[in-house]
Amino acid sequence: MKHRVYYDSGTGVAALLAAAIRLKKLRGDVLPSVETVAAFLRDHDKVRPKGDVHLLGELRGERIYWCGLGRSATIAVRTWRHFLHLYEERQEDYFFYQVPSPKKRRWKRGERLLNKPGQREKARQYLAEAAVKEYALFLTVLMTDWQEG
Amino acid sequence: MHVIYYCYGSAHSSVASAAIHLGRLPSDRVPTQEEVLRLTDFDQVESWQIGTLFFKGHDEFDNPVYTLGLGPEQAVAKQALLSFLDRLGLDTGNLFLNHALPHINRYAKAGGALSRRYGLVKWGRPLSAYGIRRDYFKLVEFVQGVKVEESRRMMHKHGG
């Protein structure tokens, strides 16, 4: 079994979108609409502690995970590798991909609002708009399909 | 069971705690400045190594003891580690993580930052050693608490 973990330096939404494209839960061949992305986020962006790793799904014997690591991204990946060794797991079965976040102001505002009660719907709309404008970012990550992507 | 002391950079509080745990620093008296500075791993870890699990030795229960730096957002990095292992179905019950950073004073923290972050080793290293010594018994008390809990977990594990 292979394990692919998509992570970002924010709240994990960018990582979630890249993982979703990988699993074909979002289209990778055509640009989805803002409404499609917002609806997808509505179904998946649960409020959980920062750093939490989520399993999004499984495809052809591979498990796909996503998480938001804030400023701990580089450190967390190094720590994962060391603990995989501690547990005598096969390192070559694990792939970690850093997903950049869109630079749009709407994205940052969306991430900020995501954990504010009553603002989540607005947050999803901001995030979806920014994501669609810079959708190529996520597709580029999926093209880096080798160890340590 | 894996006993892990963690802090910001795995250079001062976790290193001193592990040294007390393994008997490399005394528990009944304050060590001299030289004794602290003579620890081969004190104030040594570089920034790029943060996140590395450093093996330090086996304790009297034959459990391996480690130090680990988790950077500026230790709670997030810890959550990422434990939830990752959980999602993989690996048993995290044998990890005994202990946060060493709250058990040192501001002298030790300032000295550590001067040395590791700003490269002022000449001033930072002695200051951090002074800080460790100044409130040394707080650190000893912390480690003794860890050992009590470790012993309790061992008894529980073996049905004692």
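Note: the structure precedes this text.
What counts, and at which threshold
- Residues numbered from 1 in each chain as written.
- Chains lettered and ligands numbered in written order.
- Predicted model: local features only at pLDDT ≥ 70, side-chain atom pairs only at ≥ 80, totals over all residues.
- Heavy atoms only, no water.
- Helix = DSSP H or I, 4+ residues; strand = E, 2+ residues; numbered from the N terminus.
- Buried < 20%, exposed > 50% of the residue type's maximum accessible area, 1.4 Å probe, protein only.
- Contact = heavy atoms within 4.5 Å.
- Axes fitted to C-alpha atoms, helices over the stretch in contact; angles between N-to-C directions.
- Parallel < 35°, antiparallel > 145°, perpendicular 65-115°, else oblique.
- Left-handed = near helix turned anticlockwise from the far one by under 90°.
- Nonpolar A, V, L, I, M, F, W, Y, C, P; charged D, E, K, R; others polar.
- Buried area = accessible area lost by both parts, 1.4 Å probe.
- Salt bridge = Lys/Arg side-chain N within 4 Å of Asp/Glu carboxyl O.
- Polar contact = N/O pair within 3.5 Å; in protein donor to acceptor, adjacent residues only side chain to side chain.
- Phe/Tyr/Trp six-rings, centres within 6.5 Å; stacked < 30°, edge-to-face > 60°.
- Lys NZ or Arg CZ within 6 Å of the ring centre and 35° of its normal.

Chemist: When you look at the environment of Glu62 of chain A in this model, what are you seeing that I'm missing?
Modeler: All names here are of chain A. In this fold, Glu62 is placed in strand β3 (residues 62–68). The exposure class assigned to Glu62 is buried, which follows from its relative accessible area of 14%. C-alpha of Glu62 to C-alpha of Tyr94: the two residues are 32 residues apart in sequence and 9.9 Å apart in space. Those residues within four positions of Glu62 in sequence are excluded, and the remaining contacts are Met1, Lys2, Arg4, Arg22 and Gly57.

Chemist: What exactly am I supposed to notice about the packing of helix α3 (residues 73–86) of chain A against helix α3 (residues 74–87) of chain B here?
Modeler: For any two helices packed against each other, the geometry is given by the interaxial angle and the distance between the axes. Where α3 of chain A meets α3 of chain B, the closest approach of the two axes is 10 Å, and the angle between their N-to-C directions is 45 degrees. Accordingly, the angle class assigned to the pair α3 of chain A and α3 of chain B is oblique. Here the hand of the crossing between α3 of chain A and α3 of chain B comes out right-handed. Only Ala80, Leu81, Phe84 and Leu85 of chain B of α3 of chain B make contact with α3 of chain A, whose side of the interface consists of Ala76, Thr79, Trp80, Phe83 and Leu84 of chain A. Residues that form the contact of α3 of chain A with α3 of chain B fall into these classes: eight nonpolar, one polar and no charged.

Chemist: Teacher, can you tell me more about the interface of chain A and chain B here?
Modeler: Reports often express the size of an interface as the amount of accessible area lost when the parts come together. Contacts between chain A and chain B engage 27 residues on the former and 31 residues on the latter. A buried area of about 2400 Å², summed over both sides, lies between chain A and chain B, and 66% of it is on carbon and sulfur atoms. Together, Ile75, Phe83 and Tyr87 of chain A form the three largest contributors to the area buried by chain A at its contact with chain B, with a combined 26%. Summed over the shared surface of chain A and chain B, the result is two salt bridges. The closest approach of N and O atoms between Glu73 of chain B and Lys50 of chain A, which form a salt bridge, is 3.8 Å. Here chain A is connected to chain B by 13 residue pairs in polar contact (both at pLDDT 80 or more). The set of elements that each furnish at least two residues to the side of chain A that touches chain B consists of β1 (2–8), β2 (54–59), α3 and β4 (94–98) of chain A.

Chemist: Could you clarify how one ought to interpret the packing of aromatic side chains in this entry?
Modeler: For any pair of aromatic rings, geometry is given as the distance between the ring centres together with the angle between the planes. A full pass over the atoms with the stated rule returns 12 aromatic pairs over all chains. Residues Phe55 of chain B and Tyr66 of chain B carry aromatic rings whose centres are separated by 5.7 Å and whose planes lie at 65 degrees to one another, so their mutual orientation is edge-to-face. Within this pair, whereas Phe55 of chain B is found in strand β2 (residues 53–58), its partner Tyr66 of chain B is found in strand β3 (residues 64–69), the two being separated by 11 residues in sequence. Owing to a relative accessible area of 47%, Phe55 of chain B belongs among the partly exposed residues under this scheme. Summarising the aromatic geometry, the rings of Tyr107 of chain B and Tyr130 of chain B are spaced 5.6 Å apart at their centres and angled 80 degrees between planes, so their arrangement reads as edge-to-face. A residue pair is termed long-range when its members are at least 10 positions apart, and Tyr107 of chain B in helix α4 (residues 106–117) and Tyr130 of chain B in helix α5 (residues 121–134) qualify at 23 residues. Linked through ring pairs, Tyr7, Trp80, Tyr94 and Phe96 of chain A together with Phe84 of chain B together constitute an aromatic cluster. The ring of Phe95 of chain A is capped by Arg4 of chain A, whose NZ or CZ atom sits 4.3 Å from the centre of that ring.

Distances and angles like these do not, on their own, reveal function.
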